[in-house]
Amino acid sequence: MIRIGIGYDIHRLVKGRKLILGGVAIPYSKGLSGHSDADALIHAICDALLGAAALGDIGEHFPDTDKRYEGISSVKLLTRVLALLKKRKLSINNIDCIIIAQEPKLILYKNQIRSNISRLLGIKESCLNVKAKTNEGLGELGKQKAIAVYAACLVEA
């Protein structure tokens, strides 16, 4: 059986936080605001995988009202989601992601992000695609006030 999942996340950019995307620290003057490390890319991937497995969403599994997840690395959340998939005997076929960020320019970090997430998930890099787009200066994303991510995945039983 083949199953499809879609994930989305958005976080505000704020001063005084590190910018973490895909478990990789990106040099920038701002970081993403959130209860955890606010890694919007990993959060969107988690939601896509949970959706494909019909297991709800990231907020149900790791609520921002729970102190255990305050400041937690999203890499740990992804590891827990992967364990849920394995428990259901689901394997990842592929994942496709779009990061929408006016700044910083992410082209120099896409390969490192892709390598890191592939390693964490135990999939080939050829099964993961990471795209970086701007919002052409439009809206909150275009005004460098936030970063948003879409992710889609295909899993197989």
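What counts, and where the lines are drawn
Sequence positions are assigned chain by chain, starting from 1 and proceeding in written order. Reporting of local features is limited, given that this is a predicted model, to residues whose pLDDT is at least 70; pairs of side-chain atoms are given and counted only at 80 or more, and all residues count toward the totals for whole chains, interfaces and linings. Note that water and hydrogens are dropped before the side-chain values are worked out from all heavy atoms of the structure. Each helix is a run of H or I in the DSSP string that is no shorter than four residues. Each strand is a run of E no shorter than two, and both are numbered from the N terminus. Burial classes follow relative accessibility: with a 1.4 Å probe on protein chains only, a residue under 20% of its type's maximum area counts as buried, one over 50% as exposed, and anything between as partly exposed. Pairs of N or O atoms within 3.5 Å make up the polar contacts considered here, provided that, within protein, one atom can donate a hydrogen while the other can accept it, and that residues adjacent in sequence are counted only when both atoms are side-chain atoms. By the convention used here, strands pair only if DSSP detects at least 2 bridges between them. Throughout, a contact is declared for two residues whenever any of their heavy atoms are within 4.5 Å. To get an axis, fit a line to the C-alpha atoms, keeping to the stretch in contact for a helix; angles then go from 0 to 180 degrees between the N-to-C directions. To estimate the expected span of a helix, count its residues, drop one, and scale the result by 1.5 Å.

Caption draft 1: The environment of Arg 3, seen in detail. Along the chain, Arg 3 falls in strand β1 (residues 2–14). A relative accessible area of 24% places Arg 3 in the partly exposed class. In this structure, the C-alpha to C-alpha distance between Arg 3 and Gly 59, residues 56 residues apart in sequence, is 21 Å. Separated by 2.5 Å, the side chain of Arg 3 and the backbone oxygen of Ala 52 make a polar contact.

Caption draft 2: Inspection of the sheet that holds strand β5 (residues 91–100) at higher detail. Taken in spatial order, the five strands make up an open sheet running β4-β1-β7-β5-β6, and their pairing is mixed. Looking at the sheet topology across the chains shown, the edges are occupied by β4 (31–32) and β6 (128–133). Two elements, β5 and β6, share six bridges in a ladder whose sense is parallel. By the bridge assignment for β6, Ile 95 is matched with Leu 128. Across the sheet, helix α4 (residues 110–121) touches β5 and β6, and the angle it forms with β6 is around 145 degrees.

Caption draft 3: Here's a closer look at the pairing of β1. Bridging between β1 and strand β7 (residues 146–156) involves 11 bridges; their strand directions are antiparallel. By the bridge assignment for β7, Ile 2 is matched with Glu 156. Of the strand pairs in this sheet, β1 and β4 are connected by two bridges, and their pairing is antiparallel. What sits directly across from Leu 13, in β4, is Leu 32.

Caption draft 4: Representation of α4 within the structure. Here α4 contains 12 residues, and its C-alpha end-to-end distance of 16 Å stays within 8% of the 16 Å for a straight helix at 1.5 Å per residue. The set of residues buried in α4 consists of Ile 113, Asn 116, Ile 117, Ser 118, Leu 120 and Leu 121. Tucked inside the fold, the buried residues of α4 contact β2 (19–21), β3 (24–26), α1 (40–52), α3 (74–87), β5 and β6. Looking one or two residues beyond α4, the residue adopting positive phi is Gly 122, at roughly 70 degrees.

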